[in-house]
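Spelled out from the first residue to the last, the chains are:
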Amino acid sequence: MDSASDGPFGSDPRHTARPAETVPGRTRSELPQTSIREVARRAGVSVGTVSNVLNRPELVAEATRDRVRAAIKELGFVRNESARRLRQGPAARPEPPAEPTASRAPAFGVLMEDLANPYASDVARGAERALNKAGRDVLWLSSDHDPAKERRGLDLLTAQRAEGVLVIPVGMDDADVERLRAAGMSVVLLDHVRPGVCSARVDHVAGGAVAADHLLGLGRRRLAFVSGRPEPRPVVDRRAGAARTLLGARVGALPVFTMEALTPTEGQAAARRLLSLPEVPDGVFCANDLLAIGLTNELVRLGVRVPDDIAVVGYDDIELAASAAVPLTTVRQPRRELGRAAAELALAETAEGAAHTHRQVVLTPELIIRDSA
């Protein structure tokens, strides 16, 4: 992670606490509540020591930390951050509450890297529909590619005692995953893979390969890949798939042009940059549809014939792709299916608890041929 925090994601836990088990015939709200004092008694330490383990673990000896975390696990202790903040006020330093609650909100968080991107919002809608069907509410959050903002979102979901989170991670590490699980939450990664964690993703290497293969099939040999910052892992995979295809066809290396963002405005800038080259590409593969639409529109404005002079392929198949000035050939991601698959994994993990077996779901992209290539 890029920065430290006073929230529950600031340290690397060595023990994972499970939420309190439901007693047959009794609801969670009827279960006896576990207090921080009970944790202290079980561990044989003071309440202040438990407070330090939860908020400032670096101040506590490792053996004591382990003993306190074992007591937290045995008692099913989960602190109620919402109640604490109401009592202490927004400026107070985080401390554990006197009386945590055993209740859990019937809701999941969906934490995307950029909800302004139509791809991310479509994935979130697919997840929301599946979760709503299962009787759960959904809280949409966006990290905006900022690890610190991502951490705040995770802190918020923990404080609200959400059942789980579906996340496209930008800075999450293994310690964060364990912290979420210790709070009784299920965790599902989108478009990322990590051992011991459920995930749902698209095979972006295959998607990049099919885009490059299509351009080669049109007789294009001077290909270029247009990307943008920050370059998330799926985009890296798309580039790798395209580059591998070009090498296999003995066309040579794939030139990469990295713009400041994955947006239509940067796509326009990319068009001008490509046209300024001594040897202008005759085929362009863009990291997403937003770049491709901006690039195509600018090429047309500057008098370039698309696809006769330059063929353009995008990635995602967002709604705007089919209605662009030059309808966009693109690689379709099953966006809502991806969200639904992630939601089903999260619901299964929540229902099955310790018996749950983590799974990795991989979906296949599809080439959609329109006018741009």
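Since we're looking at a predicted model, the values are computed, not measured. (Residues numbered from 1 in each chain as written. Predicted model: local features only at pLDDT ≥ 70, side-chain atom pairs only at ≥ 80, totals over all residues. Heavy atoms only, no water.)

**Points about the overall build of the protein chain**
On a plain count of helices and strands, the protein chain comes out with 13 helices and 12 strands. The buried share of the protein chain, taken over its 373 residues, is 54%. The contacts of the protein chain with a sequence gap of at least 6 include a subset with a gap of at least 24, amounting to 71%. (Helix = DSSP H or I, 4+ residues; strand = E, 2+ residues; numbered from the N terminus. Buried < 20%, exposed > 50% of the residue type's maximum accessible area, 1.4 Å probe, protein only. Contact = heavy atoms within 4.5 Å.)

**With respect to helix α11 (residues 289-301)**
Helix length check: α11 (13 residues) gives 18 Å between terminal C-alpha atoms against 18 Å at 1.5 Å per residue, within 8%. Burial runs high along α11: 10 of the 13 residues are buried. Within the sequence span of α11, burial applies to Asp289, Leu290, Leu291, Ala292, Ile293, Gly294, Leu295, Thr296, Glu298 and Leu299. For α11, the N-terminal cap is Asn288; the gap from its side-chain oxygen to the backbone nitrogen of Leu290 is 3.3 Å. (Expected span 1.5 Å × (residues − 1). Polar contact = N/O pair within 3.5 Å; in protein donor to acceptor, adjacent residues only side chain to side chain.)

**A closer look at helix α3 (residues 62-75)**
With 14 residues, α3 extends 20 Å between its outermost C-alpha atoms, agreeing within 8% with the 20 Å of an ideal straight helix rising 1.5 Å per residue. Burial in α3 covers these residues: Thr64, Arg65, Val68, Arg69, Ala71, Ile72 and Leu75. Each buried residue of α3 lies within a common arc of 155° when the element is viewed along its axis, so the set occupies one face. For α3, the exposed residues set more than 90 degrees away from the buried face come down to Ala63 and Glu74. (Arc of directions from axis to C-beta.)

**Things to note about the nonpolar core**
If you look at the biggest cluster of nonpolar residues, it comprises 69 residues, and the most contacted ones within it are Leu166, Leu190, Val226, Leu295 and Val312. Residue contributions to this core reach at least three from each of two domains, namely domain 2 (108-202 + 336-364) and domain 3 (204-332). Excluding residues within four positions of it along the chain, Val226 makes contact with Phe257, Met259, Ala270, Leu274, Val284, Phe285, Cys286, Ala287, Leu291 and Leu295. (Core = buried A, V, L, I, M, F, W, Y, C linked by side-chain atoms within 4.5 Å. Domains from an automatic or database assignment.)

**Notes on the confidence of the model for the protein chain**
Averaged over all residues, the pLDDT of the protein chain equals 84, while 82% of them reach at least 70. Contacts from residues 1-32, a stretch scored under 50 in pLDDT, to residues over four places away or in other chains number 74 contacts. In the predicted structure, residues 81-102 sits below a pLDDT of 50 and forms 50 contacts with residues beyond four places in sequence or in another chain. (pLDDT = per-residue confidence, 0-100.)

**A few points about the environment of Ala212**
Following the sequence through the fold, Ala212 ends up in helix α8 (residues 204-217). In this structure the C-alpha to C-alpha distance between Ala212 and Val284, which are 72 residues apart in sequence, comes to 8.9 Å. Once residues lying within four places of it in the same chain are set aside, the contact partners of Ala212 are Leu223, Ala242, Thr245 and Leu246.

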